[in-house]
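In case you want the letters, here they are:
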Amino acid sequence: CFQLYGYCYQDSNDIPDTLTTITELGSPLEMIQLLQTSWEDRFRICLSLVRLLHYLAHSPLGSVTLLDFRPRQFVIVDGELKVTDLDDASIEESSCTSNSDCFMEFPARNFTLPCSVEGRCQNMNEKRNLYNAYRFFFTYLLPHSAPSSLRPLLDKIVNATGNHNKHGNAKYLLFYPSPSVNSEFTQKCVKSANTQYRRVPEAFIPDENYRCWPSYHHKGCLLSVFDVNEAIEICDSYSQCKAFVLTNQTTWTGRQLVFFKMASNHIVPDPDKITYVKVTD
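Note that this is a predicted model, so its numbers are computed, not measured.

Engineer: Describe the overall build of the chain, and please don't skip the residues or the numbers.
Structural biologist: A tally of helices and strands in the chain yields seven helices and 14 strands. Here the chain holds 281 residues, and 44% of them are scored as buried. Of all intrachain contacts in the chain linking residues separated by at least 6 positions in sequence, the fraction that spans at least 24 positions is 65%. Accessible surface computed for the chain: about 15,700 Å², of which carbon and sulfur atoms make up 49%.

Here is the structure:
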């Protein structure tokens, strides 16, 4: 949830019982913009949402459900998803006398949960949060342009939240699939390329940019790679790529950021970078 820096309680004649809070600043959540970012960044957002779901299911107050679970209730803070509006949060699990009382209705599908011996619908708050996370976030952000090697695992994650199967709980999402996806994506294996590249240490190509998608830089082609072999594989896949530059910057998973260039006519000294130039016949 949002980081609370402070609050002020004021009781005035005009507005009684006024509470003012000071919280961290976040960026509004725009789904179209998110779909244009790298899959790695979108996975980070989903991972932070999974952590939130787990906390809501096991909060000190009990299982908490967000009755108004929509993208506008969230913001992005340093690449992490955080909820800002808790006005519609509830800790009340629905009472029941039979399973038919534990009916959950959504636009695309419906679910019936078991009624416990205590007369409460089992895990209804958690299940409601999970399915809303599926229909508003996971179904859009996870599969779209995901690495092919990870798609079977991602299908399991999406199905667990969308079908309420035996793994449909926040603990499963937090402690099994998410770290597995992170590990497999970070340790991606690539094939060695036959193309020859000349290594130029402590060098950078300031110009000769071209745009690619997805890119961490809006005016150039800046992508994350596991190692030099993966950078070579990416450069070989673009007809306009004639060189690439390894930076000393990494993403949140530890993958290295690389600039891909369309020429190498102007190379300048830079102690923090290494340039690889494609050798032509």
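Engineer: Lay out the packing of aromatic side chains with the relevant residues and their values.
Structural biologist: For the structure on display, the rule yields 14 aromatic pairs. Plain terms: the ring middles of F69 and F74 are 5.3 Å apart, the flat faces sit at 55° to each other, and that makes the pair tilted. Assessed through its relative accessible area of 3%, F69 is described here as buried. Three or more aromatic residues link up through ring pairs in this structure, and these residues are F106, F111, Y131 and Y134. Sitting over the face of the ring of F259, K261 holds its NZ or CZ atom 5.1 Å from the ring centroid. The positively charged end of K273 is found above the aromatic ring belonging to F204, 5.1 Å away from the centroid.

Engineer: Can you lay out the side chain of T247 for me, pointing to particular residues and giving the numbers?
Structural biologist: With respect to the element layout, T247 can be found in strand β12 (residues 243-250). Residue class for T247 comes out buried when judged on its relative accessible area of 2%. Of note is the side chain of T247, whose polar atom sits 3.2 Å from the backbone nitrogen of Q249. Filtering out sequence-adjacent residues up to four positions away, T247 remains in contact with Q256, L257, F259, D272 and K273.

Engineer: Just give me the short version of the sheet that holds strand β14 (residues 268-278), but keep the residues and values in it.
Structural biologist: Read across the sheet, five strands follow the order β10-β14-β12-β13-β11 without closing on themselves; strand pairing throughout is antiparallel. The strands lining the two open edges of the sheet, one partner per strand, are β10 (197-204) and β11 (221-225). Direction aside, neighbouring strands of the sheet carry axes that sit 30° apart on average. Across seven bridges, β10 lies against β14 in antiparallel orientation. Bridge pairing in β14 places R198 opposite V277. Packed on one face of the sheet, helix α7 (residues 228-237) meets β10, β11, β12, β13 (256-261) and β14 and runs near 135° to β12.

Engineer: If you had to explain the sheet that holds strand β6 (residues 80-83) to someone new, which residues and values would you point to?
Structural biologist: In spatial order, the strands read β3-β5-β6; together these three strands make up an open sheet with antiparallel pairing. Each having just a single partner strand, β3 (27-28) and β6 make up the two edges of the open sheet. Strands β5 (74-77) and β6 of the sheet are contacted by helix α2 (residues 39-57), whose axis makes an angle of about 40° with β6.

Engineer: Describe the side chain of S38, listing the residues and the values that go with them.
Structural biologist: The residue S38 is located in the loop between α1 (31-35) and α2 in this model. A distance of 3.2 Å separates a polar atom in the side chain of S38 from a polar atom in the side chain of Y216. The contacts of S38, once residues within four sequence positions are left out, are P214 and Y216.

Engineer: Tell me about α7, and name the residues and values.
Structural biologist: Residues E230, A231, I232, I234 and C235 constitute the buried set of α7. On its buried face, α7 sits against β10, β11, β12, β13 and β14. The N-capping residue of α7, defined by a side-chain oxygen 3.3 Å from the backbone nitrogen of N229, is D227.

Engineer: Describe in detail the state of the cysteines, supporting the description with residues and values.
Structural biologist: Two cysteines whose sulfur atoms are joined by a covalent bond form what is called a disulfide. Within this structure, the stated rule accounts for four disulfides. Paired through a disulfide, C212 and C221 show a sulfur-sulfur distance of 2.0 Å. Negative torsions about the S-S bond denote left-handed disulfides, and the value of about 95° found for C212 with C221 makes this one right-handed. As far as the burial class goes, C212 and C221 line up, both buried.

The rules behind the values
- Residues numbered from 1 in each chain as written.
- Predicted model: local features only at pLDDT ≥ 70, side-chain atom pairs only at ≥ 80, totals over all residues.
- Heavy atoms only, no water.
- Helix = DSSP H or I, 4+ residues; strand = E, 2+ residues; numbered from the N terminus.
- Buried < 20%, exposed > 50% of the residue type's maximum accessible area, 1.4 Å probe, protein only.
- Contact = heavy atoms within 4.5 Å.
- Areas by Shrake-Rupley, 256 points an atom, 1.4 Å probe, with all protein chains shown as cover.
- Phe/Tyr/Trp six-rings, centres within 6.5 Å; stacked < 30°, edge-to-face > 60°.
- Lys NZ or Arg CZ within 6 Å of the ring centre and 35° of its normal.
- Polar contact = N/O pair within 3.5 Å; in protein donor to acceptor, adjacent residues only side chain to side chain.
- Pairing = 2+ DSSP bridges.
- Axes fitted to C-alpha atoms, helices over the stretch in contact; angles between N-to-C directions.
- Disulfide = S-S within 2.5 Å.

Keep in mind that these numbers describe shape and distance, not what the molecule does.
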